[in-house]
Amino acid sequence: MNLAAAITPDLVAGHGLRPAEFDSIVQALGRDPTLVELGIYSVMWSEHCAYKHSRPLLRTLPTRGERVVVGPGENAGVIDIGGGLCVAFKMESHNHPSAVEPYQGAATGVGGILRDIFTMGARPIALLDNLRFGEPDAPHMRHLIEGVVEGIAGYGNCVGVPTVGGDIMFDPGHAGNILVNVMCVGLVRTEHIRRGQAHGPGNAVLYFGSPTGRDGIHGATFASGELSEEALERRSAVQVGDPFMGKRILECTLELIERGLVVGIQDMGAAGLTCSTCEMAGRAGTGIEIDLDRVPQRAPAMSAYEILLSESQERMLAVCEQTRLAEVLEVCERWECGGVVIGQVTGSGRVEVHHRGEVVASIPANHLTHGAPVYHPPEAAPAAPEEFDLPPVLPGEDFKTALLALLASPTIASKRWAYRRYDHMVQIATVLRPGDADAAVLRLPGPGEPRFLAVTSGGNHRLVARDPRAGAALAVLEAARNLVCTGAQPLAITNCLNFGSPERPEVFGQLRRAIEGIAGACRALDIPVTGGNVSLYNESGGVAIPPTPIIGMVGLIEREEHITRPGWREPGDVIYVLGDPAAGLGGSELAKYLVGGDLPGVTPRGPLPPIAIDREVALLDAVRSAILAGLIRSAHDVSDGGLAVTLAECCLLSRGGHGAWIHETPDGDLALTLFGELPPRVVVSVRPADARAFEALISARGVACAEIGLVGLPGLRCADQAAISHSEMQQAHETPPWESLR
Amino acid sequence: MRVAVIVFPGSNCDRDCLHVCRAVLGWEAIACWHREALPSAVDLVILPGGFSYGDYLRTGALAALSPIMGDVRRFAAGGGHVLGICNGFQILCEAGLLPGALRINRDLLFHCEEVALHVERRDTAFSSACPERIVLPIAHREGNYVAGGETLRRLEEERRVVFRYEQDVNGAANRIAGIINEGGNVLGLMPHPERASEPLLGSTGGLSVFASLAAAVAA
C-alpha cells in the first residue's frame, strides 16, 4: 500500500466518512490524515464503535443504582451482588457476519462476548443466545439455522462455558437479515475488577493471543485499486474463531488479573488493535506508542493499515508495570499465549504508531474516542398498525387443533433440538436448565448456604413492531417476569438494539420510542441499564428488519427454597391466573397462525392493547411476595401463545406428569381468553390449604387473581373443549422447526 | 483420599472434578498441570473432560503425548486408579491405556443430555457401590466407541464393559459407555459422574462411582 496515497474525497467516502467528519479530522491533526489514520478514523467513528446516531438516545437510559459498580462505556457492566462478589454481563450482536458465514459468524460472536467479560476480570459462567431467523422453510434458512447453532456450540462447548438460555424466533421479517445476539454473564470478586484503561506513562503495552492476520479487515468497501488483487483474494470477509486459543487467553487473562499483574486490559474486538489502543488511552487520558514491527503476524508483508485494522480473533492488549514483566511473560508462556511487548503508555495524549522506522499515525486519543460527531437524523412516527378482523371464533378449528398447531409452531415449540447441542451443564452450577423454566438459574460459589443467579434474555419484536415504545417496555417487563417466576429479584439489564438504518426517519422514530420504552420500564422497576450494544443498518433488499430490541436481565435468588419452577407439583393444587384479562390479539401467535398461517409472508397486524406499567410492576411484586411467603408451588409467565400454551407447558414440565382441569374460563371470547398474550399474566399453582392466604396477599396488592382450575390427571382439559393428552402435547411441542405444520 | 486432577490446555471439567472431590466428597484434590510431575502418594488420577488441545488432530491425540502422561502410565502400571471422563476417556484410548477409540457420534452432533446406563458389573473399583442402573449426563460429540471385532469380543468376554447405555445414544459399538483395562484399575467413561453428584443439580447417580473408588482405595 502506498502510504503517501493522496487522500481524495472518493477515498474519504470509501471509508464511510462524511466531508464534515473529514474536516474535523484535519482540524484535530493540523494536516491531512495519512491513509493509515484515515483507516483508524473510519473504524473508530463507525456507528458500531462511536454510536453516532444512538448516543443521545442512550444517554436517556437510567444507568445508576446502588449495585452498579461499572456502568456503560466499559467492556461490560458490573453489579455488586454482595458477599464480595460481582456480576459482569453484556450482550453483543454478530448479525452480519452470521448472515455471510453462519458457523464462524456465530462462533466469533460467542468468542467476542466471552472476551468482553473476562477482560473485566470475571470468569464467564453463562452464555445466552437470542436468534431471529426467517420462517424455517425460507430459502437457505435451514443452512443458516444449522450453521448458527453449530457455531454457538462449537465455541461455547469448547471453552467450557454453559449455554443456558436465550430464545429463537422465526419471522419473515428477519429472513434477509438474521439476528445473532449473544449474552455472557461472568463472576468477579470486587477487588479483581479491571478496566480497559492505559494508566501510568512508561508502563509496557503487551500483546498476547493469536497473531494478527489479514482476516476481517474493515474497509472491504475500500477503494480496491489501493490493494493488490492478490491481497484481496487472501482476505476473508468473516473472521475465523479458535476456541482453543479463546480458552487459553481466558485462563491467562484471569491468572494475570488475579495475581495483580495487569494495570489495564482490553480485548481486540471490532477494529482490532486500533480500537483497543485508542480506547485504553482515551479512557485513561494518556497516550500509547506502539511499534507494529513487533506485532506477531501470521501473514507475510502486512501493511500498517492491515495490521491496525485486522479483526483477527483471540487477541488481547494489556498494560503492565515494567518491573513485573517477567512474571507476566511467564504466565503467558504457561498458557501458550505468546506475549510480546509492542509499546508503552505515554503522557502525550496521542496514539502514535510506528512501522518500519516511520511514524504512520499520530492522533489525539481523545479526539478519536470522544470527537465523533453526533447525528440527530429526521424521524417519523412509525405507521400505526392496521386493524384486522380476527374471526370471532376459531374458524374451522377447534381449540385442540389450534393449541397443538401453536405448540408445534417453530417459535413456540421446544428448542431442545438446539440446546441439546449446547453444553449447558459444564461448570456444574446449572440448577434450572434450558427448557426447564422461564429463566436459567445458576448456583453461585461461596461459603455458606448457596445463593443463585437467575438469567434471561429475550424480546418479542412483533410487539415492538406494532408499538415500539410499549413493545420495548414489554420486553423489559417480560424479562423481569421470567426472573420473578423463578423466584428471583431482578437487578439490572443489558440490551442489544437491532434496528434498520437510522437514516430512515421511521426507523429512527422506532429507535427513539423503543429506548424510551426501555427507560420507562427500567425506572418503574427501579433497575439500571449497565451497558449494551446497538446494531443498526439491519436491512436487506432495502427493507428494514422489524425493530428488535433484546433485553438481557440478571436477578438474584437468596435461598434455595425460593427457586420456583413452572411445572405442576401435586394433584389438587389450585391453578390461578394473575393479571388483568387478555385484551387483544394484536401481535399474538394465534393471530399469526390464523391470519398469516395460510399466507406465507403476511405478518399479522393490529395494535397492542394498552399497557399500564404500574399494574405490571404490581403483578411482579405480588408474585415475588407470594414466592417469598412460600405460598406458590409453581409459576409460569404467560407469553407466546397465551394462556392455553402456558397451561400446556405447565403440564409438559410437570415432573410427576400431572395435568390440569380448567373449569373456569373467564367469560367472553374463547380465542381472546385462551390465546391473548396481553396484558401480561402469570399462571401459578397453590396448595389448597394456602389458597386463602394466597388470594389475600395478591388482592392486597391490587392484582387481579382468578382461580381457573385444579392440577389433576395427565393431559389438559379446558372447560367443555376436547381434552388433549399429554403425549399429543408433547409430540407437537417436540416438533423441529423444519417439520412444523404450517 | 488424595486425588490428582490433570489439567491439559483446553480441559474444562477440571474445576468441576476438583469441586466434587473437595466440597462434596471431602477429599484432598490437587490440580496438576500437564507439564508438571504427578504429585506423590495419590490414590486416584482423574483425566477430566473438555477439549484438550482444542480437539485438534483427533480428540485426545495431542494430550496423550503430554509430559504428564508418562507419570500417569507409570502410576497405572503400578496399579494406581485412573478415571478418564469424556475427553479423559478419549485421551486414555489415544495413550493406549485402553483399547479402541471414540469417533464422532453417528448423527454428527454434540449431545448434552441425561442418559440411563446399565451397570454391567458391580465388582470393580469403579462400580462396587453403583446400583444396577444409573442416570448420568453426557456432553460430547465424539462418544461413539469403536474397536476391532477381536478387541470387542475380548472386552465382552473379559467383562470389561462396566457401563452400557440403555439406549443407543451415539452409535457406540455394543452401546459401550465405559470400559476398564485388563488390570481393572483404569476406567474410561463417556458420561460425566461429576455432573450428577449433588441433589441441587438434579441427580446423584455419579456419586456411586466416586463412592466405589473410595471403597477400593480403603480396601
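What this report covers is the structure whose coordinates are included nearby. (Residues numbered from 1 in each chain as written. Chains lettered and ligands numbered in written order. Predicted model: local features only at pLDDT ≥ 70, side-chain atom pairs only at ≥ 80, totals over all residues. Heavy atoms only, no water.)

## Considering the state of the cysteines
Linking two cysteines covalently through their sulfur atoms gives a disulfide. This is how it is decided: The definition used for a disulfide is geometric: two cysteine sulfur atoms within 2.5 Å.
Inspection of every chain in the model, using the stated rule, returns 0 disulfides over all chains. Between Cys-49 of chain A, a free cysteine, and Cys-275 of chain A, which holds the nearest cysteine sulfur, the sulfur-to-sulfur gap is 4.1 Å. Cysteine Cys-13 of chain B remains unbridged, with the sulfur of Cys-17 of chain B as its closest cysteine sulfur at 6.5 Å.

## A word on helix α18 (residues 468-485) of chain A
All names here are of chain A. Quick reminder of the rule: In this description a helix means any DSSP run of H or I spanning at least four residues, a strand means any run of E spanning at least two, and both kinds are numbered starting from the N terminus. Multiplying one less than the number of residues by 1.5 Å gives the expected span of a helix. Type-normalised accessible area, obtained with a 1.4 Å probe on protein chains alone, sets the label of each residue: buried when under 20%, exposed when over 50%, and partly exposed for intermediate values.
With 18 residues, α18 extends 25 Å from end C-alpha to end C-alpha; this agrees with the ideal 26 Å at 1.5 Å per step. The buried count for α18 comes to 16 of 18 residues, which makes it a mostly enclosed element. Gly-487 occupies a position one or two residues after α18 and carries a positive phi of about 100 degrees.

## Some details on the sheet that holds strand β6 (residues 179-189) of chain A
Residue and element names in this part refer to chain A. What counts is decided by this rule: In short, DSSP must find at least two bridges between two strands for them to pair. Simply put, an axis is a line fit to the C-alpha atoms, just over the touching stretch for a helix, and the angle between two N-to-C directions goes from 0 to 180 degrees.
Sheet architecture is open: 6 strands sit in the order β1-β2-β3-β6-β4-β5, paired in mixed fashion. The sheet is open, and its two borders are formed by β1 (68-70) and β5 (163-170), each paired with just one other strand. Each adjacent strand pair in this sheet contributes to an overall mean axis angle of 20 degrees, direction not counted. Here β1 pairs with strand β2 (residues 77-80) via 2 bridges, running antiparallel. Its bridge partner lying in β2, Val-68 is registered against Ile-79.

## Notes on the nonpolar core
Heads up, the condition is: Definition used in this section: a nonpolar core is a set of buried Ala, Val, Leu, Ile, Met, Phe, Trp, Tyr and Cys residues joined via side-chain atoms within 4.5 Å. Whether two residues are in contact is decided by their heavy atoms, any of which lying within 4.5 Å being enough.
Counting residues in hydrophobic clusters, the biggest one holds 139 residues, and the most contacted among them are Phe-694 of chain A together with Ile-46, Tyr-145 and Phe-163 of chain B. With 11 residues, the single largest contributor to this core is α18 of chain A. Those residues within four positions of Phe-694 of chain A in sequence are excluded, and the remaining contacts are Tyr-576, Leu-578, Ala-626, Leu-631, Ile-632, Val-684, Val-686 and Cys-705 of chain A. Counting residues in hydrophobic clusters, the runner-up holds 62 residues, among them Ala-106, Phe-118, Met-120 and Tyr-419 of chain A.

## Overview of the sheet that holds strand β11 (residues 186-189) of chain B
Where strands meet in a sheet, backbone hydrogen bonds hold them as pairs that are either parallel or antiparallel. Residue and element names in this part refer to chain B. Spatially, the 9 strands line up as an open sheet ordered β2-β1-β3-β4-β11-β10-β9-β6-β7, and their pairing is mixed. In this open sheet, the two strands that pair with only one neighbour each are β2 (28-33) and β7 (133-140). Put simply, the sheet's adjacent strands are angled 25 degrees from each other on average, direction ignored. In this structure, strand β6 (residues 111-119) lies alongside strand β9 (residues 161-165), joined through 3 bridges in antiparallel fashion. The residue bridging Leu-117 from the neighbouring strand is Tyr-165, located in β9. Against the sheet, helix α1 (residues 14-24) makes contact with β1 (2-7), β2, β3 (44-47) and β4 (81-85), and its axis sits at roughly 160 degrees relative to β2, the strand it touches most.

## Quick word on the packing of aromatic side chains
What counts here: Only centres within 6.5 Å qualify two rings of Phe, Tyr or Trp (six-membered ring in Trp) as a pair; their planes then separate them into stacked at under 30 degrees, edge-to-face at over 60, and tilted for everything else. Both a distance and an angle decide whether a charge sits over a ring: NZ of Lys or CZ of Arg must be within 6 Å of the ring centre and within 35 degrees of the ring normal.
Summed over all chains, the structure comprises 10 aromatic pairs over all chains. The interplanar angle of 80 degrees and the centroid separation of 5.0 Å between the aromatic rings of Tyr-41 of chain A and Trp-45 of chain A together place this pair among those described as edge-to-face. Here Tyr-41 of chain A and Trp-45 of chain A have matching classes, each one buried. When the ring of Phe-89 of chain B is compared with that of Tyr-145 of chain B, the centres are 6.0 Å apart and the planes differ by 20 degrees; the resulting orientation is stacked. Of the two residues, Phe-89 of chain B is situated in helix α3 (residues 87-94) and Tyr-145 of chain B in strand β8 (residues 144-146); the sequence distance between them amounts to 56 residues. Classification of Phe-89 of chain B as buried rests on a relative accessible area of 0%. Relative accessible area serves as the criterion here: at 0%, Tyr-145 of chain B is assigned to the buried category. Pairwise contacts between aromatic rings join Phe-244 of chain A together with Tyr-53 and Tyr-56 of chain B into one cluster. It is Arg-248 of chain A that lies over the ring of Phe-244 of chain A; its NZ or CZ is 4.3 Å from the centre. When the ring centre of Trp-33 of chain B is taken as reference, the NZ or CZ atom of Arg-334 of chain A above it lies at 4.7 Å.

## Here's the deal with empty space enclosed by the protein
Residue and element names in this part refer to chain A. Our working definition: The pocket and cavity definitions rest on a 1 Å grid over protein atoms only: a 1.4 Å probe that fits but cannot leave marks a cavity, an open set with protein on both sides within 12 Å along at least five of seven lines marks a pocket, and residues lining either have an atom within 4 Å of a point. Grid points are joined across faces, edges and corners, and a volume is the space filled by probe spheres set on the points. Amino acids outside the nonpolar list (Ala, Val, Leu, Ile, Met, Phe, Trp, Tyr, Cys, Pro) and the charged list (Asp, Glu, Lys, Arg) are all regarded as polar, and Gly is one of them.
Considering all chains together, one arrives at 4 cavities of 30 Å³ or more under this definition. A volume near 110 Å³ is recorded for the largest cavity. Every residue lining the largest cavity is counted, 13 residues in all, and those nearest its centre are Leu-463, Glu-478, Arg-481, Ser-639 and Leu-678. At 5 residues, the largest contribution of residues to the lining of the largest cavity is made by α18. Among the residues forming the lining of the largest cavity, the class breakdown is 6 nonpolar, 3 polar and 4 charged.

## Brief notes about the pairing of strand β12 (residues 350-355) of chain A
All names here are of chain A. Burial along β12 is one-sided: Val-351, Val-353 and His-355 are buried, and none of Arg-350, Glu-352 and His-354, which face the opposite way, are. Of the pairings in the sheet, the one linking strand β9 (residues 287-291) to β12 comprises 4 bridges and is parallel in character. Within the sheet, the bridge partner assigned to Glu-289 lies in β12 and is Glu-352. Bridging between β12 and strand β13 (residues 358-364) involves 6 bridges; their strand directions are antiparallel. The residue of β13 that forms the bridge with Val-351 is Ile-363. Remark: 2 residues form the turn of the hairpin made by β12 and β13, two consecutive strands paired antiparallel; Arg-356 in that turn has positive phi of roughly 50 degrees.

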